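Structural features, examined
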Amino acid sequence: AYRLGWTWLCVADCSSSLSQNAKTAGGQRPAEWHDVALLCKALIRRAAAWEVLGFRARARADLREALGHRQDPAAELALQRLEERQGCPTPSADGLGWSCLPDDPQLRVVAFLAAADVLWLRRASRECRLLGGREEVWEHQFESYLGPLSPLDGRLVSELAPLSCGEEGVREGGRALSLSFDVPQNLGPLGCFPAVVVDVGQGYTKSGFAGTALPGATMSNMAIFGNVPIVDVFKFTSDEELLQQFFQQAVFGPLRADPRCHPVILCKNGFAFRRGDEEAIKVGDRAALAALKALGVPEVFSLHSAALALLAHGLHTGLVVDVGLGMTRVLPVVHGAVQSRGVCSQVLGAANCTNFLLEALRQREDVGTWPTEELSGFQVMMLLKVTKEERAFVAPSAEEAERAAAVEVPLLSEAFRQPVILGRELAIVGEMFFNPRHTGPRHAYFGPDSPPASLGLHQLIQKSLLSFPEAERQALVSAVALAGGTAGLPGMRQRLQRELEMLLGGGGGGGGAGGAAAVAADALRPEVLDALPEAAWRGGSQLGAALWYGLPWPSAVAAAVREREHRCGGAGVWWAMTSGGGGGGGMSRGADEATARSEKK
């Protein structure tokens, strides 16, 4: 209830839970409780709901009561934050006044008030009285007669925030009245809904509202349409009807969002993997755009996931190492635009890790034979996928990977009903990205006919750098961003940093792609950035949040890109994107007018 914005319902549910938890009945303050942990959880959740509704004193009281029963770090931080804000103005008093809004946003906001609140609003001033009597306001009231939380509306209301109206004040009995109403906070200051950020990968689709740190929904593509491919080697299917059903079930359904109210930021992953893929990518992109338009999405902005991954770090130039389900790619990004000439890829991804563990487990004689009636092959594969995410790591060197200590994996031990010990296998999961000899086409997501991987991540980066003049290589290698869930394995950043310093800094460390001397004539200084969870989606979220607050797209990018001075060298704002809304074509800005004209063309 809290996450869906039914804040008053959350307060009621928590209060009901507290009353049922008490051992003392009859309305007296209880001295004992059936479950102290549940008591604290209900108090903390109710405090969060009180804060959203603007009742900070009640929120502080609930948090203090929860901390009186047991220590909770999250509650302590929340209480500290509320006490620091004690006496501060309400969020609506931070600078946005009602009279500062243009007529159209005012009308949108008023249309979301309950009918009783509209009548109160009309008392604020002459302008509010005229606004509250507009025909459009009451048409919306008849469509959604229960107010902003009506199930007939179909729009997600995430949180409520007070909006103060009527600067002149209202006189009643000789004193001024201050009117305040609760409106959906995700309506935005200009009366618009936040963008929905969508990242459709080979295996999973991530979606959520702009301005949040992580996706609100992650759906398996296979769980929705089985083996019907939605994305094939980073390009959308050309079936518009199928894509329309997919977006409804994988994005707007789980988010409980009305597609007619939210613009969409679509993370594109396409690039020409084989000759002739360019046209298929364009056809797939047009099909995705048409499917979203058929659902009523007002605007669609499509950007490449590599540029968004850098944007999550506040950068516009660098190298993105994207470890996907079936492939690993190095994508150079210059001023927000992916440079196709330097894109390097090979068939090595997260599926190789899971299939390697699956093969290693099959070769073990101590775990018995499977699948069985109680444990299917698919269940074992999913258990190994979770084991990879929770237990696998990247060793500092190949030698240490071979000497990795053996540990018991409780998840597998419980499933096989006997101790399952893994050691070197967990280290090889990370080592294969630097020594692909540990894997091969037998583990590939695309089947045994796939081309074998031959380069480590550091050598793949070196190969990409060779596509650029020497003067441009330092700017690229000074920001190496990791993207993809497997890229966040413990030790990945440190190992890649060490290998790149040896390879590009004149320290040797393996040939591949022409040798280190070809790149490191003047020793390069690489810097591998920390892996961010869902980096591409997070970059889209930052950009969408700027759009939500009413900034035009060039200004939105300028607000989102906080480039460090030593990297941008005083350059202006660089951005590249395509817009599918409002009849607008592609938009781009480059180093000079010639670059801008060519990108726009």
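Residues numbered from 1 in each chain as written. Predicted model: local features only at pLDDT ≥ 70, side-chain atom pairs only at ≥ 80, totals over all residues. Heavy atoms only, no water.

Quick notes on the nonpolar core
Using the following cut-off: Side-chain atoms within 4.5 Å link the members of a nonpolar core, which is a set of buried Ala, Val, Leu, Ile, Met, Phe, Trp, Tyr and Cys residues. Residue burial is assigned from relative accessible area. The probe radius is 1.4 Å, only protein chains are included, and a residue is buried under 20% of its type maximum, exposed over 50%, and partly exposed in between. The contact rule is simple, with two residues in contact once any of their heavy atoms fall within 4.5 Å.
With 50 residues, the main nonpolar core has Phe416, Phe433, Ile461, Val480 and Leu496 as its most contacted residues. Each residue touching Phe416, except ones within four places of it in the same chain, is listed here: Leu361, Val367, Trp370, Leu375 and Val380.

Concerning the side chain of Gln497
Keep this limit in mind: Runs of H or I in DSSP of at least four residues are treated as helices and runs of E of at least two as strands, each being numbered from the N terminus. As used in this structure description, the phrase polar contact means that two N or O atoms lie within 3.5 Å; if the pair is within protein, one of them must be able to donate a hydrogen and the other to accept it, and residues adjacent in sequence are counted only when both atoms belong to side chains.
Within the fold, Gln497 resides in helix H20 (residues 492–504). By relative accessible area, Gln497 is classed as buried at 14%. Side chain to side chain, Gln497 and Glu501 meet in a polar contact 2.8 Å long. Excluding residues within four positions of it along the chain, Gln497 makes contact with Pro526, Glu527 and Val528.

Considering the pairing of strand S10 (residues 318–323)
Formally: Two strands are counted as paired when DSSP detects at least two bridges linking them.
Across the six residues that make up S10, a large majority, six, are buried. Both S10 and strand S11 (residues 328–334) contribute to a ladder of six bridges, which runs antiparallel. The residue of S11 that forms the bridge with Leu319 is Pro332. Pairing of S10 with strand S16 (residues 480–483) involves four bridges; the strand directions are parallel. Bridging across to S16, Val320 finds its partner in Ala481.

A word on the packing of aromatic side chains
Put simply, the rule reads: Any two of the Phe, Tyr and Trp rings considered here, Trp counted by its six-membered ring, make a pair once their centres fall within 6.5 Å; the pair's planes then place it as stacked at under 30 degrees, edge-to-face at over 60, or tilted in between.
If you walk through the whole model with that rule in mind, you get three aromatic pairs. Geometrically, the ring pair formed by Phe236 and Phe247 is tilted, given 6.5 Å between the ring centres and 55° between the ring planes. With Phe236 in strand S7 (residues 235–236) and Phe247 in helix H10 (residues 240–255), the pair connects residues that are 11 residues apart, well separated along the chain. Phe247 carries the same exposure label as Phe236, and that label is buried.

A closer look at helix H17 (residues 424–431)
Because an α-helix completes one turn every 3.6 residues, residues spaced three or four positions apart along the sequence face the same direction. In terms of residue burial, H17 counts as a mostly covered element, since seven of its eight residues are buried. Buried residues of H17: Glu425, Leu426, Ala427, Ile428, Val429, Gly430 and Glu431, and no others. Where the residues of H17 are buried, they touch helix H13 (350–362), helix H14 (377–391), helix H15 (398–402), strand S14 (407–408), strand S15 (421–422) and H20.

Some remarks on the packing of H13 against H14
Threshold: For helices, the axis comes from a line fit to the C-alpha atoms of the stretch in contact; other axes are also lines fit to C-alpha atoms, and the angle between any two N-to-C directions lies between 0 and 180 degrees. Here a crossing is called left-handed whenever its near helix is offset anticlockwise from the far helix by less than a right angle, and right-handed whenever the offset is clockwise. Just so you know the grouping, Ala, Val, Leu, Ile, Met, Phe, Trp, Tyr, Cys and Pro go in nonpolar, Asp, Glu, Lys and Arg go in charged, and all remaining residues, Gly too, go in polar.
The N-to-C vectors of H13 and H14 enclose an angle of 115°; their axes lie 9 Å apart at closest approach. Between H13 and H14 lies a crossing whose hand is right-handed. Note on element contacts: H14 touches H13 through Val380, Met381, Leu384, Lys385 and Lys388, opposite Ala350, Cys353, Thr354, Leu357, Leu358 and Leu361. Each residue belonging to the contact of H13 with H14 can be placed in one class, and the counts come to eight nonpolar, one polar and two charged.

A closer look at the pattern of salt bridges
Where charged atoms of side chains with opposite charge meet at close range, the side chains can pair. Counted only if it meets this: Here, a salt bridge means any side-chain nitrogen of Lys or Arg that lies within 4 Å of a carboxyl oxygen of Asp or Glu.
Applying the stated criterion across every chain yields a total of 13 salt bridges. Among the salt bridges present, the one from Arg46 reaches Asp62, with a minimum N-O distance of 2.8 Å. Of this pair, Arg46 sits in helix H2 (residues 36–53) while Asp62 sits in helix H3 (residues 56–69), and the two are 16 residues apart along the sequence. Exposure remark for Arg46: the relative accessible area of 15% places this residue in the buried category. We note a salt bridge from Lys385 to Glu389, for which the minimum N-O separation is 2.7 Å.

Quick look at the environment of Ala535
Secondary-structure assignment places Ala535 in helix H21 (residues 535–548). Put simply, Ala535 and Ala309 are 226 residues apart on the chain and 4.7 Å apart in space, counted from C-alpha to C-alpha.

Thoughts on unusual backbone geometry
The backbone of Arg256 sits at a positive phi, close to 55°, despite the residue not being glycine. Since its relative accessible area comes to 55%, Arg256 is described here as exposed. Of note, the phi angle at His335 is positive, near 55°, even though the residue is not glycine. Mapped onto the secondary structure, His335 falls in the loop between S11 and strand S12 (337–338).

Observations concerning helix H12 (residues 305–312)
Most of H12 is tucked away, with eight of its eight residues classed as buried. Within the span of H12, buried status applies to Ser305, Ala306, Ala307, Leu308, Ala309, Leu310, Leu311 and Ala312. The first or second residue beyond H12 is Gly314, which carries a positive phi of 80°.

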